[in-house]
Structure formats: C-alpha cells, structure tokens
Amino acid sequence: MFEDILSQLSTFSPIWIYITLFFFAFIENLFPPSPSDLVIVIGGTLIGAGDLNFILTLVFATIGSITGFMLMFYIGSTFDRRVVESGKYKFVPVDAIHKVENWFRNYGYYVIVANRFMPGTRAVISFFAGISNLDPKRTFTLCFVSALAWNIIMLYLGYIFGDNVQVVDEYLTTYTNIVIAVTSVVILFFIVRLFFRKKKSIS
C-alpha cells in the first residue's frame, strides 16, 4: 500500500498533495477505516524529499482532521433522540446510549484530547461527543490540540524514516489493532454488566 500511495502522490503537484492530505484526514472521521495516518506519514516522507513544506502539510492535515471531527460532532448534536427512544429499533439499547452519554459528560473532554491517538474509534468519539451535548468551543480546542500533536508525530516519523515508511505502517497497524481490541473489550464489559444489572433488577 505504501508504494502505491507514494507513487500516486508523487505524480501530483504540491497543492494537490496538500488537498489529498486534507481529504484523507477529513474522510476518516466519516467513513472509517481510512489509511489517513499512512498518507500523512507519507506526507512527512515528501517533506524530507523537499517536495512539500512542513508547515503547509501540517496545516492541511490538521484542518482536515478537525473539520471531519467537528462535522461528526454536529451530526451527533442534531441527532433526533426521539428516533432511538421511541423503541421502534429494538437493536438499539436505549439504556446503553444513556449510559454512554452520562459517561461522556463526565469524561468526554479527556477522550477528545486522546481521540487522534485512538484510531478506529475517532468517528464514534466525535459522534457521541455531539450526542452528549459537550461544549462546541471546548471540543474544538481539544480536538485541535489532539490533531496537531498526532499529525506532528506522523509527519516526523515519515520524515526520519524516509523510504522505510512501511516499517511505520507495520507499527501503526499493530497499534491500531491493539487500540481496537482494548476498546472492544471495554465496550463488551459494559454491555455485559448492563445486561446483568437489567436482569437482576427484573428478577
């Protein structure tokens, strides 16, 4: 995948590479999974080769990350709760959603700071942050800090590894799988606990 993306990007003019970086960073928040992190790492490789400017690359990637996150945040904030709470969709556990909302109101801002470091869950985080009615300005600020820090790291890795970015890709894949596995276990734990609490209250 690395060679394919690099060969494609290298045929673009710098402005189109910047736009491509913006697009991948943006679209990941709406339609995960996306190789956005790898594309940004490759952007760092192109910086090292002298094809791109570091500041512009960081700006386009970070704006893409923030725009995608805030769009999902907006979608979550305008989500019609009555659709879920009507009970028409039996597969949607209303109690679980309420618990997630309460949890986000207490810890959501911490999660937003860490959201860029949690690949595979970014779209879910932004959506539930919106549903939970977190403060938009504070959310934007924390999202910006998270995206800026993560993109600097990705660009730096691409810059220092150069043509060996496939090594970074392997570590990113492993890191992503670990994050998704841990997140899945935590979610499963809360679902099982909610199920037994509900069962206990009925009995």
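Before any of the text, the structure's been laid out above.
Computed from a predicted model, the values in this text were never measured in an experiment.

Caption draft 1: Here's a closer look at the environment of Ala147. In this fold, Ala147 is placed in helix H8 (residues 136–161). Here Ala147 falls in the buried class, since its relative accessible area comes to 0%. The spatial distance from the C-alpha of Ala147 to the C-alpha of Ile112 is 9.8 Å, given a sequence separation of 35 residues.

Caption draft 2: Structural detail: the packing of helix H3 (residues 36–48) against H8. Relative orientation of the contacting elements H3 and H8 amounts to 55 degrees, with a least axis distance of 6 Å. The pairing of H3 with H8 is recorded here as oblique in orientation. In this structure, H3 meets H8 at a crossing whose hand is right-handed. Two secondary-structure elements touch here, H3 through Asp37, Ile40, Val41, Gly43, Gly44, Thr45, Ile47 and Gly48 and H8 through Trp150, Asn151, Met154, Leu155, Gly158 and Tyr159. Of the residues that constitute the contact of H3 with H8, the class distribution is 7 nonpolar, 6 polar and 1 charged.

Caption draft 3: Highlighting the environment of Ser36. Here Ser36 shows up in helix H3. Residue Ser36 is classed as buried on the basis of its relative accessible area of 0%. Remark: the alpha-carbon pair of Ser36 and Phe26, spanning 10 residues in sequence, is separated by 8.5 Å. Setting aside chain neighbours within four positions, we find Ser36 in contact with Phe24, Ala25, Glu28 and Arg122.

Caption draft 4: Local environment of the nonpolar core. Core analysis: the largest hydrophobic core is formed by 21 residues, its most contacted members being Ile40 and Leu52. For this core, the secondary-structure elements that each account for two or more residues are helix H2 (14–27), H3, helix H4 (54–77), H8 and helix H9 (165–202). For this core, the element with the most residues is H3, which contributes 7 residues. Setting aside anything within four residues of it in sequence, one finds Leu52 in contact with Pro14, Ile17, Tyr18, Leu21, Gly43, Leu46, Ile47 and Thr57. Counting residues in hydrophobic clusters, the runner-up holds 18 residues, among them Phe69, Phe104, Phe128 and Leu142.

Caption draft 5: Seen up close, the packing of H4 against H8. Here H4 crosses H8 at 140 degrees, and the two axes come no closer than 9 Å. When the axis of H4 is compared with that of H8, the two are oblique. Like other packed secondary-structure pairs, H4 and H8 cross with a definite hand, here right-handed. From H4, Phe54, Thr57, Leu58, Ala61, Thr62, Ser65, Ile66, Phe69, Met70 and Phe73 reach across to H8, where they touch Pro136, Thr139, Phe140, Cys143, Phe144, Ala147, Leu148, Asn151, Ile152 and Leu155.

Caption draft 6: Summary view of the packing of aromatic side chains. Scanning the entire structure with this criterion turns up 6 aromatic pairs. When the centroid spacing of 5.3 Å and the interplanar angle of 20 degrees are considered together, the rings of Tyr18 and Phe60 count as stacked. Of the two residues, Tyr18 sits in helix H2 while Phe60 sits in helix H4, which places them 42 residues apart along the sequence. Ring centres 5.8 Å apart and planes at 85 degrees place the aromatic pair Phe23 and Phe24 in the edge-to-face group.

Caption draft 7: Molecular detail of the pattern of salt bridges. Using the criterion set out here, one finds 3 salt bridges in the structure. Among the ionic pairs, Glu28 bridges to Arg116, the shortest N-O distance being 3.2 Å. Of the two residues, Glu28 sits in the loop between H2 and H3 while Arg116 sits in the loop between helix H6 (94–114) and helix H7 (122–131), which places them 88 residues apart along the sequence. Of the two residues, Glu28 and Arg116, both sit in the buried class. The shortest N-O distance in the salt bridge between Arg122 and Asp37 comes to 3.3 Å. Here the residue Arg122 occupies a position in helix H7, and Asp37 occupies one in helix H3, the gap between them amounting to 85 residues. Summarising the burial analysis for this pair, Arg122 and Asp37 share the class buried. When salt bridges that share partners are traced, they join Glu28, Asp37, Arg116 and Arg122 into one network.

The rules we used
- Residues numbered from 1 in each chain as written.
- Predicted model: local features only at pLDDT ≥ 70, side-chain atom pairs only at ≥ 80, totals over all residues.
- Heavy atoms only, no water.
- Helix = DSSP H or I, 4+ residues; strand = E, 2+ residues; numbered from the N terminus.
- Buried < 20%, exposed > 50% of the residue type's maximum accessible area, 1.4 Å probe, protein only.
- Axes fitted to C-alpha atoms, helices over the stretch in contact; angles between N-to-C directions.
- Parallel < 35°, antiparallel > 145°, perpendicular 65-115°, else oblique.
- Left-handed = near helix turned anticlockwise from the far one by under 90°.
- Contact = heavy atoms within 4.5 Å.
- Nonpolar A, V, L, I, M, F, W, Y, C, P; charged D, E, K, R; others polar.
- Core = buried A, V, L, I, M, F, W, Y, C linked by side-chain atoms within 4.5 Å.
- Phe/Tyr/Trp six-rings, centres within 6.5 Å; stacked < 30°, edge-to-face > 60°.
- Salt bridge = Lys/Arg side-chain N within 4 Å of Asp/Glu carboxyl O.

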